[in-house]
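Inside the fold
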Amino acid sequence: MNAANTAESADFRGPLDITRAATVVLDADSTVIGWSPAAAELLGYEPAEALGRPLSAFLPVHPLGGTPPAAAAEPAGVSEASGVSGVAGASASTGIGPASLVGNEIHVAHARDGRELLVATATCPLPGGAAGRGPGAPDRILVAAEMGELRHWESRLALLQGLATQSPVGLAIYDTDLRLTWCNTAYEREIGQPLAAFRGMRADELYGGGSFVTPGYPQTLDGVMHQVLDTGEPVLDLNFRAQQPSDPGRDHLWSCAYYRLEDAHGHVFGVCEDAFDVTDRYRVQERLALLVEAGRRIGTILDVATTAEEIAEVAVPDFAATVRVDVTRAAMTGETAAVGSAADMSLLRVAGRSEPGTATPDPGLPDPEGPESPSGVSGAANSTGEDRHPYPPVIYPPGSPQHRSLSSGGLVLDEGTLVVPLRAGGGILGLVTFDRGVGPDASGRPPAPDRATTFDNGEVALADELAARAAVCIDNARRYTRERTASLALQRQLLPHHLPPQSAVRTAYRYLPADDVTGVGGDWFDVIPLSGTRVGLVVGDVVGHGLQAAATMGRLRTSVRAFAQLDMPPDELLTRLDDLVGQPAEEPPDAYGGAVETYDVTTGATCLYAVYDPVSRRCVMARAGHLPPAIVDPGGRVSYPDLPAGPPLGLGGLPFESMEFELPVGSLLALFTDGLVEARDHDIGHGLDTLGRVLSDRSASLEELCDRAVSELVPGGTSADDTALLLVRTRELDAERVAHWELSAEAVSVGRARELATGQLEAWGLEELVFATQLVVSELVTNAVRYAGGPLGLRLIRDRTLVCEVADTGHTSPHLRHSAEDDEGGRGLFIVAQLVQRWGTRYTPTGKTIWTEQALPPADGG
């Protein structure tokens, strides 16, 4: 819109105003004696052509009584010339025509170019009357305007009337002193009084304590209005917060606009204010923002307590003065959501938060020691200063909003308290209590007057949505807690809780699963005590990680321990393990009779098994597709033995080979999985070099070496694969703790064996074990003489237990059996089994060895 159009649209003079309408001066005979430029423009006649002619030459003598010709030709009833509807009435005397035109006469004017124009006319007689005036003397003035202009002017008047009386937007005009001079009806409703009661007051007096919250502008009404008056620049959509005079005690928010008012000569005479109450819209936006914030902050981690605390943090203080979150004990431990009556649900106070300076009674904790902490749980410590349970139990009395919510399973609104259940999966996970703090605060002062004391329908729906989202997050955390607890329990059962002390070696270990969610993986290690004070060392790796890999690892570890107890050499143990893994698992058909496809992660698993004998300091090991161990001699030199690499387990087709070598006392063995030395940013060779450099430090303890190896090879404690590291430092049994004799396969050797054993036990100070040992030696040597042959060997080892071994050249193992009353033999081995802790048979290349272990007397147990 250009400047001319703007000025014209701002001209509120009526079309029949004499200063702008077509004006004709008539004498008593209705002869035209005056003709204005506007009349010439309307009808096309110049003054020289119109003066002296009768008015009937231009307008009919009588007003229009029917449909004008131009309008009759248009079925739609719209005159092209005037742009208004055809008029059925003509004059004020008849009252015919549109109500807005009553009081004016309507004529069909004849323009010079032949057009017929529908015009409205008004006549004003001049003072003095027609008497005594001759022809040519002014008698009356007639003004005329097109009907279209008149209708347009009347619509503008209706607009002004609507703004003043019907518009919901508050309009007010302030003078240059910022005193109110006029306002519309909407503004009067906001003030609650008629205009006459507050005319002349300043805006800051009407809305005391209010301020603008839009940044970048003055905060006061006076400041903003002065800025508009001084600069002339209008401002739009400024948010003003204050209490409405007609609605005290409740904050409102208005969207305001201000512009300067000037007269026709450009003189400033005031400023106009447009204000629209957007409180409801703003509250909807606040609720939406709170939901967005809740979606961003609630459920950041899979932990029930943290999620409960996040609910309270989001809701206080924007939504409620106090929020308490109670969660069922079952949800905290990962169990299924509670289903049943309120009496069946045990609730724990997991989180609570209050706005500073507020305190509301807590029916769930009957004996509070003091006001709630703004950021903690009520009653976290008792009067003695001792810490209470981190999540104290809560019991709500019958009739309380919380008890009613538990009983009904729905939300309960009780004045300023709103209780919403946390529901998921058809069960209740807990309760969220939102409290507006309608009571006095800790100092006895009443709540602030602008605080809402209850919850409206929109806020109830918002609280329900907040609780629903929180319930989903808590249920996810509960499920994660349950799965993680089960996974960790499985892992604890599958991996050794601790490595028992061994006379043969000292050990240290580290285990890092790649699946940090469940905390379980497929790598494993073990230290297995064997007969004759020997020790079995094993490390393995299952393809993948997670629960399935952990379950497979458990099967393999159990199998290795079972085979190791049979004193199998490493190559034979891996062969048996390979046969076991290679057997296809028989899965039952599914419900429709089809086969179930399974992927066995056991195939492709790797394993390294070694046996170390502290008496001979010999170590035998074999591997199935696994990395060889690192061996560090007492001088700090690191080597990786060229151990024959057998195929991974389950592939079959190739034999496994063992390697035997002697280890000096104090040697270090490092058994590990590829997750320790292999990573995306470097190859295995680099990892082996780094591991060798770390292990070469002879001054560090085993625990320090484990920490250094993990910190350098697995920075951050996480890797793409599971990681297991077992460090073993070898020992040697002193010669004073081992006694060995060679005996012939003769009957006399039985007595000789008893004498040798008795003498050695007395030398060791183990007289309490002489009787039992004599029986054991007599039985084992007698069996060897009777059923085996060749030279016999008798060995006693004083370790954590007393080990007695008898070796012969036979390959038949004795077995326990129940002897009948008339049997002459078969009871000796049974007696031996009752005297010792355990016994067994170990096969060697030259025969077998029968061994027993007896507990040492308490005084010698160390």
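Everything discussed here concerns the structure shown above.
Summarised in this report is the structure supplied together with it. If you're wondering where the values come from, they're calculated on a predicted model, not measured in any experiment.

About the cut-offs
- Residues numbered from 1 in each chain as written.
- Predicted model: local features only at pLDDT ≥ 70, side-chain atom pairs only at ≥ 80, totals over all residues.
- Heavy atoms only, no water.
- Pairing = 2+ DSSP bridges.
- Helix = DSSP H or I, 4+ residues; strand = E, 2+ residues; numbered from the N terminus.
- Polar contact = N/O pair within 3.5 Å; in protein donor to acceptor, adjacent residues only side chain to side chain.
- Contact = heavy atoms within 4.5 Å.
- Patch = residues over 30% accessible without salt bridge, like charges linked within 9 Å, V, L, I, M, F, W, Y side chains within 5 Å.
- Areas by Shrake-Rupley, 256 points an atom, 1.4 Å probe, with all protein chains shown as cover.
- Salt bridge = Lys/Arg side-chain N within 4 Å of Asp/Glu carboxyl O.
- Buried < 20%, exposed > 50% of the residue type's maximum accessible area, 1.4 Å probe, protein only.
- Axes fitted to C-alpha atoms, helices over the stretch in contact; angles between N-to-C directions.
- Left-handed = near helix turned anticlockwise from the far one by under 90°.
- Nonpolar A, V, L, I, M, F, W, Y, C, P; charged D, E, K, R; others polar.

**With respect to the sheet that holds strand 13 (residues 347-354)**
Strand order in the open sheet formed by six strands is 14-13-12-17-16-15, and the pairing between neighbours is antiparallel. Looking along the sheet, the strands with just one partner apiece sit at the ends: strand 14 (393-394) and strand 15 (412-414). As defined by bridge partners, strand 16 (residues 417-424) adjoins strand 17 (residues 427-435) across eight bridges and the pair is classed as antiparallel. Bridge pairing in strand 17 links V420 to V432.

**What to know about the side chain of S778**
Within the fold, S778 resides in helix 21 (residues 770-787). A polar contact is formed between the side chain of S778 and the side chain of R754, at a distance of 2.9 Å. Residues in contact with S778, not counting those within four places in the same chain, are V750 and R754.

**Some words on a nonpolar patch on the surface**
Residues F771, L775, L816, F830, I831 and L835 make up a contiguous nonpolar surface patch of about 530 Å² in total accessible area. At the level of secondary structure, the elements contributing two or more residues to the nonpolar patch comprise helix 21 and helix 22 (828-835). Examining the composition of the nonpolar patch, we find that three residues originate from one element, helix 22, more than from any other. Of note, L816 is situated in the loop between strand 31 (801-808) and helix 22. The exposure class of L816 is partly exposed, given its relative accessible area of 43%.

**Overview of the packing of helix 21 against helix 22**
Their axes nearest at 10 Å, the elements helix 21 and helix 22 cross at an angle of 145°. Read as a crossing pair, helix 21 and helix 22 show a hand that is left-handed. In this structure, helix 21 uses A772, L775, V776 and E779 to contact helix 22, whose residues at the interface are G828, L829, V832 and L835. Among the residues making up the contact of helix 21 with helix 22, the classes are represented as six nonpolar, one polar and one charged.

**Regarding the side chain of Q244**
Looking at where Q244 falls in the secondary structure, it is placed in strand 9 (residues 235-244). Of the polar contacts made by the side chain of Q244, one reaches the side chain of S246; its length is 2.6 Å.

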